[in-house]
Amino acid sequence: MSTATWSKDHALALLEPLRHEPGPVLIALQALQAEFGYVHVEAVALVATFFNVSRADVHGVLTFYHDLRTTPPLANAIHICVAEACQAVGSRDLEKALKNQYKDQVTDAYCFGNCALGPAVMVNGKLIGRATAAKIAAVIR
Amino acid sequence: MSTIKIFIPRDSAAVSVGADDVALEIARRAVAENLSVEIIRNGTRGALWLEPLVEVQVGADRIGYGPVQVADVADLFKAKFLEGGAHQLCINKVDELPWLAEQDRITFKRVGIIDPLSIVDYESNGGLVGLRRALAISEKEIIAEVTESGLRGRGGAGFPAGIKWKTVSEASSETKYICCNADEGDSGTFADRILMEGDPFTLIEGMTIAGIAVGAKEGIIYIRSEYPAAIAQLEAAIAIAQEFKLLGPNILGSGRTFNVKIRIGAGSYVCGEETAMLESIEGKRGVVRSKPPLPAISGLFGKPTVINNVLTLSSVPAVLADGAASYKSRGVGRSLGTQIFQIAGNVKRGGIVETGFGITLEKLVMDYGGGTFSGKPVKAVQIGGPLGAYFAVKNFGISMDYESLIAAGGMLGHGGLVIFDENVDLAVQAKFAMEFCAIESCGKCTPCRLGSTRGAETIQLIIDGHNPESNKKLLLDLCEVMTDGSLCAMGGLTPMPVKSAMINFPEDFDSRVEVAK
Ligand SMILES: Cc1cc2nc3c(=O)[nH]c(=O)nc-3n(C[C@H](O)[C@H](O)[C@H](O)COP(=O)(O)O)c2cc1C
Ligand code: SF4
Ligand code: FES
């Protein structure tokens, strides 16, 4: 999952196909994040101008959704499910262990739909069931 | 020797415990041993504790082996599993496994059986019968059939699907929409995901029938970003459906138009609330709208919109194919048809159980679930997601239907059951319910936005033994304010897990100075 380096021209090229989409702001930000790994500060004004909406609208969307990030991604994206079904099989302990080891590469998540085979952890897009620290160590970059 | 068919699920849950690696290893060995095999990546049968479940077609039967790990594969070849040979992982004929055979699979009848992206498989297993019938009868008759079937919304609120459709059909507008709610944010639920991965054409067929019934030409599936495999599967299924003219300007040669596209969520639980979902599809912050107007009158981009859950829409093809009478012959009272229960958490045999409403909680937890994964006694079961109630073993007699659960102080929600063993502390769970509300609140109402944070603090005080009695009273007051003063069920139902925990597990809220860390 390598990401491109931020550039306005590259960003504009990604926005172009969305020009006629109804309600484009969220999908525009999602498209930028998919390409660059995050939403660059300059993207707010860019998206606002491109779709003729206010910067406040774009900023509002950017800050509302947990998925959208404004800083470049770290080496690993480790999302541990800490919702109830995974709590029931020890995800809180695993969360502590992972945060100890991988620090801010670990983010809390709320359900991957793998609630009968928890704890569920998504590492760099790969879902791991019955997760243990060892299973995660094996797929870490 | 003729080619041997092997089924290995590509379902996310199966893959999360090694199904891809097992498939690869089986393929590798088959090549090495010069055996001709065809590996079909089916959906999961829903018996998730058996995943990865490998099935081999032997004559007319499918013989199952599970859970299979890569390390077992050599041994399976030695045991001649490709001929259905005996092995300690062998569960014999999968269709005869009581856990599956005793279910009543209607909506899920093809899931795990067919190749999810094969139109041929789909049609030869009963697919498209409902759509063909819908195209042959009038819009009014379709809606009457759905209403008559008793089908209610499976997303949580349980509103009759036919009545919602009728409102949209009567609204006069050139443009109308069918929005499928595939946000499935509740912990302990995964039926939408499994259906979308394992039998996506059923959802597409259901949405198409809805579109024809109400006069909508465009369908949108709002699916959460946490489900990348389901998103990919739907994208593939939509492309195939267009190619085979199940979608597009001339559905099955009828001259009718319907199309489906996908919008992906961005990690917000409240966007599962239908009006927040509409805002999100419109590209805005997922803030809940006030009602009226109902989305059925003024929904997506202000147009009349049917909003239904994945399971509601996916039950429609069967209702049309087999008729309302058949569907409503299942269930109890005003809870008709089948419910797709999801057994999750600390459970030995978790997965999908589709059966008529009215099964007892005990049967789901103990007979299907087999008790806890840890082997310790069951202490609590949360039913209906993070906004649902916590029940105790003494509540095991509850009949699992909409009305009985409400009468017991709970709700069915999306049909998920999360099982906890004796290690769970219900005061901690109650605190989590408040914290979750604080994280996911859309921010529109004060009781939800701020009350949730105050609630979590108050529960911590109770846990720490600070004036527990007066703080319990304060907490109950706060719950009342949240229930009465919230616009939607996020703030309005967060008190449900909290209060049910206090009522059903009072001992966990007793002064805990001695155990406080
Ligand atoms: C906070 C909140 C989250 C919800 N999440 C979902 C969800 O993930 N999926 C869903 O179908 N319904 C969800 N709902 C219920 C929807 O608002 C709505 O009732 C449902 O999509 C209607 O479809 P149905 O009638 O087929 O159930 C949620 C409601 C609330 C208040
Ligand atoms: S109850 Fe909470 S989530 Fe619902 S509208 Fe109010 S603030 Fe938003
Ligand atoms: S609660 Fe963890 S995957 Fe669903």
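None of these values were measured; they are calculated from a predicted model.

Participant: Lay out the layout of surface pockets in plain terms, naming residues and giving numbers.
Facilitator: Where empty space is left becomes clear once a probe the size of a water molecule has been rolled over the atoms. Space inside the largest pocket adds up to approximately 1500 Å³. Lining of the largest pocket is provided by 47 residues; of these, Gln-33, Asp-67, Ala-77 and His-79 of chain A together with Ser-225 of chain B occupy positions nearest its centre. Of all elements in the fold, only α2 (25-36) and β2 (106-109) of chain A together with α11 (228-243) and α17 (426-440) of chain B reach the threshold of two or more residues within the lining of the largest pocket. Looking at which element gives the most residues to the lining of the largest pocket, the answer is α2 of chain A, with four residues. For the lining of the largest pocket, the per-class residue count stands at 21 nonpolar, 17 polar and nine charged. The volume enclosed by the second largest pocket comes to roughly 1200 Å³. Taken together, 45 residues make up the lining of the second largest pocket; nearest its centre are Gly-155, Gly-156, Ala-157, Gly-272 and Glu-274 of chain B.

Participant: Explain the pattern of salt bridges residue by residue, including any values.
Facilitator: Oppositely charged side chains may form a pair once their charged atoms are brought near each other. Summed over all chains, the structure comprises 38 salt bridges over all chains. Residue Glu-123 of chain B pairs with Arg-132 of chain B through a salt bridge whose shortest N-O separation is 3.0 Å. Judged by its relative accessible area of 40%, Arg-132 of chain B is partly exposed. Linking Lys-472 of chain B and Glu-469 of chain B is a salt bridge whose minimum nitrogen-to-oxygen distance equals 3.4 Å. Taken together, the positions of Lys-472 of chain B and Glu-469 of chain B, both in helix α20 (residues 468-485) and three residues apart, correspond to about one turn of that helix. Here the salt bridges do not stand alone but share partners, grouping Glu-21 of chain A together with Glu-218, Lys-261 and Arg-263 of chain B into one network.

Participant: Residues and numbers for the packing of aromatic side chains, please.
Facilitator: A complete count under the given rule lists 15 aromatic pairs over all chains for this structure. Summarising the aromatic geometry, the rings of Trp-99 of chain B and Tyr-368 of chain B are spaced 5.8 Å apart at their centres and angled 80° between planes, so their arrangement reads as edge-to-face. Of this pair, Trp-99 of chain B sits in helix α4 (residues 98-101) while Tyr-368 of chain B sits in helix α15 (residues 361-368), and the two are 269 residues apart along the sequence. Ring centres 5.2 Å apart and planes at 35° place the aromatic pair Phe-357 of chain B and Tyr-402 of chain B in the tilted group. Placement of Phe-357 of chain B in the loop between β13 (351-356) and α15 and of Tyr-402 of chain B in helix α16 (residues 402-407) is noted, with a sequence separation of 45 residues between them. Of the two residues, Phe-357 of chain B and Tyr-402 of chain B, neither departs from the other in class, the shared state being buried. The structure contains a cluster of three or more aromatic residues connected by ring pairs, namely Tyr-110 of chain A together with Tyr-269, Phe-432 and Phe-436 of chain B. Above the ring of Phe-7 of chain B, the side-chain terminus of Arg-62 of chain B is found at 3.5 Å from the ring centroid.

Participant: Describe the site of ligand 2, listing the residues and the values that go with them.
Facilitator: The full set close to ligand 2 counts 13 residues, and Cys-442, Lys-444, Cys-445, Cys-448 and Cys-488 of chain B are the nearest of them. Classifying every residue of the shell around ligand 2 gives eight nonpolar, four polar and one charged.

Participant: Let's hear about the state of the cysteines: which residues, and what values?
Facilitator: Overall, the coordinates contain zero disulfides over all chains when judged by the stated rule. With no disulfide of its own, Cys-437 of chain B has Cys-448 of chain B as its nearest cysteine by sulfur position, at a separation of 3.6 Å.

What counts, and where the lines are drawn
- Residues numbered from 1 in each chain as written.
- Chains lettered and ligands numbered in written order.
- Predicted model: local features only at pLDDT ≥ 70, side-chain atom pairs only at ≥ 80, totals over all residues.
- Heavy atoms only, no water.
- 1 Å grid on protein atoms, 1.4 Å probe; cavity = no way out; pocket = protein on both sides within 12 Å on 5 of 7 lines; lining within 4 Å.
- Points joined across faces, edges and corners; volume = space filled by probe spheres on them.
- Helix = DSSP H or I, 4+ residues; strand = E, 2+ residues; numbered from the N terminus.
- Nonpolar A, V, L, I, M, F, W, Y, C, P; charged D, E, K, R; others polar.
- Salt bridge = Lys/Arg side-chain N within 4 Å of Asp/Glu carboxyl O.
- Buried < 20%, exposed > 50% of the residue type's maximum accessible area, 1.4 Å probe, protein only.
- Phe/Tyr/Trp six-rings, centres within 6.5 Å; stacked < 30°, edge-to-face > 60°.
- Lys NZ or Arg CZ within 6 Å of the ring centre and 35° of its normal.
- Near = heavy atom within 4 Å.
- Disulfide = S-S within 2.5 Å.

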